[in-house]
Amino acid sequence: MHSPFFFKQSFYLPTETNASKNAANIQYIATRPGADRGDLEPETSEAERNPKEISLEQELGPVNPGTAAGHVKYMSERPGSHGLFDADGVVNLKAAMDEIKHHKGIVWRDVVSLHEDDASRLGYTTREAWENALRRSMPDVVRAMGISETNLRWVAAFQQKAGHPHCYISFWEQNPERDRGVVSQGERRDMRKSYMNVIYENERARLYLEKNTIRDLIRD
């Protein structure tokens, strides 16, 4: 029997190495094979359209082959669209990478996933559906950690992978306040619940309606 919902979290303290990893991770989730780029493409400069004129070293500084940046170097040199989005829609990838690279606080990374048949039944097989779900759920997710919605920055990418479509999410505080990366069991439980409350909203409404209908039939 498969789990109906998968949630995993990691965090990265504000070190120089982690800053480069966080920026490279955003590049990776946005451009990796299978990332849903949707129907929109961000505006690109001449340098972006010509991969010979730009490199990850130019974007982020020297690349250490032992870091995640080294593994995705070639991806950063590709022109074209990407799959990164945030609360407002399509993200400027270069700006997001630069912002997170210079961020002085903790960065958290979440992975949320549904089993393929559950995703199909619930309607979470498109980037648009996941975008809408994350816009609604992220404020409650971070509130469980004591982070205010007004102090939240997040970006995400959706991958329609066979077996378990999933979203990669990176988020951080605009003004760093929380100094503890690890979350408690209670915080984790509430974060998971916040995601599920939105994702399973229609399913719960359907079951509630069915329950009331059966109750009324029995009463009649």
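Residues numbered from 1 in each chain as written. Predicted model: local features only at pLDDT ≥ 70, side-chain atom pairs only at ≥ 80, totals over all residues. Heavy atoms only, no water.

Caption draft 1: Structural detail: the side chain of D110. One can find D110 in strand β4 (residues 107-113). Of the side chains with opposite charge, R188 lies nearest to the buried D110, which makes no salt bridge, at 7.1 Å. Ignoring sequence-local partners within four residues, the contact set of D110 consists of F7, K8, Q9, V141, C167, Y168, I169, F171, M191 and Y195. (Helix = DSSP H or I, 4+ residues; strand = E, 2+ residues; numbered from the N terminus. Buried < 20%, exposed > 50% of the residue type's maximum accessible area, 1.4 Å probe, protein only. Lys, Arg positive; Asp, Glu negative; His and termini not counted. Salt bridge = Lys/Arg side-chain N within 4 Å of Asp/Glu carboxyl O. Contact = heavy atoms within 4.5 Å.)

Caption draft 2: Geometry of the packing of aromatic side chains. For the structure on display, the rule yields six aromatic pairs. When the centroid spacing of 6.0 Å and the interplanar angle of 25 degrees are considered together, the rings of W130 and F158 count as stacked. One end of the pair, W130, is in helix α8 (residues 127-143); the other, F158, is in strand β5 (residues 152-159), and 28 residues separate them in sequence. Using a relative accessible area of 0% as the deciding quantity, one classes W130 as buried. Relative accessible area serves as the criterion here: at 1%, F158 is assigned to the buried category. Counting every residue linked through ring pairs, the aromatic cluster contains F5, F7 and Y195. Above the plane of the ring of Y12 lies R109, whose end atom (NZ or CZ) is 3.9 Å from the centre. (Phe/Tyr/Trp six-rings, centres within 6.5 Å; stacked < 30°, edge-to-face > 60°. Lys NZ or Arg CZ within 6 Å of the ring centre and 35° of its normal.)

Caption draft 3: Structural view of the pattern of salt bridges. Going through the model one piece at a time under the given rule, you end up with ten salt bridges. For D118, the salt bridge is made with R121, and the minimal N-O distance between the two is 2.8 Å. Taken together, the residues span about one helical turn, with D118 and R121 both in helix α7 (residues 116-122) at a distance of three residues. By relative accessible area, which is 7% here, D118 ends up buried. By relative accessible area, R121 is classed as partly exposed at 45%.

Caption draft 4: Region of the structure containing the nonpolar core. Membership of the largest hydrophobic core comes to 32 residues, with the highest contact counts inside it found for Y124, M138 and F171. Secondary-structure elements contributing two or more residues to this core are β4, α7, α8, β5, β6 (166-173) and α9 (185-199). Take this core: its biggest share by element is seven residues, from α8. Dropping the residues within four chain positions of it, F171 is found in contact with Q9, I106, V107, W108, D110, M138, V142, M145, L152, R153, W154 and M191. (Core = buried A, V, L, I, M, F, W, Y, C linked by side-chain atoms within 4.5 Å.)

Caption draft 5: Focus on the environment of V155. Among the structural elements, V155 can be located in strand β5. Owing to a relative accessible area of 0%, V155 belongs among the buried residues under this scheme. In sequence terms V155 and G89 are 66 residues apart; their C-alpha atoms lie 9.5 Å from each other. When sequence neighbours within four positions are dropped, the list of residues in contact with V155 reads I26, L84, F85, D86, V91, Y168, I169, S170 and W172.

Caption draft 6: Highlighting a nonpolar patch on the surface. Taken together, the side chains of F11, L13 and V182 define a hydrophobic patch exposed on the protein surface, amounting to about 240 Å² of accessible area. As for its position among the elements, V182 is in the loop between β6 and α9. Judged by its relative accessible area of 44%, V182 is partly exposed. (Patch = residues over 30% accessible without salt bridge, like charges linked within 9 Å, V, L, I, M, F, W, Y side chains within 5 Å. Areas by Shrake-Rupley, 256 points an atom, 1.4 Å probe, with all protein chains shown as cover.)

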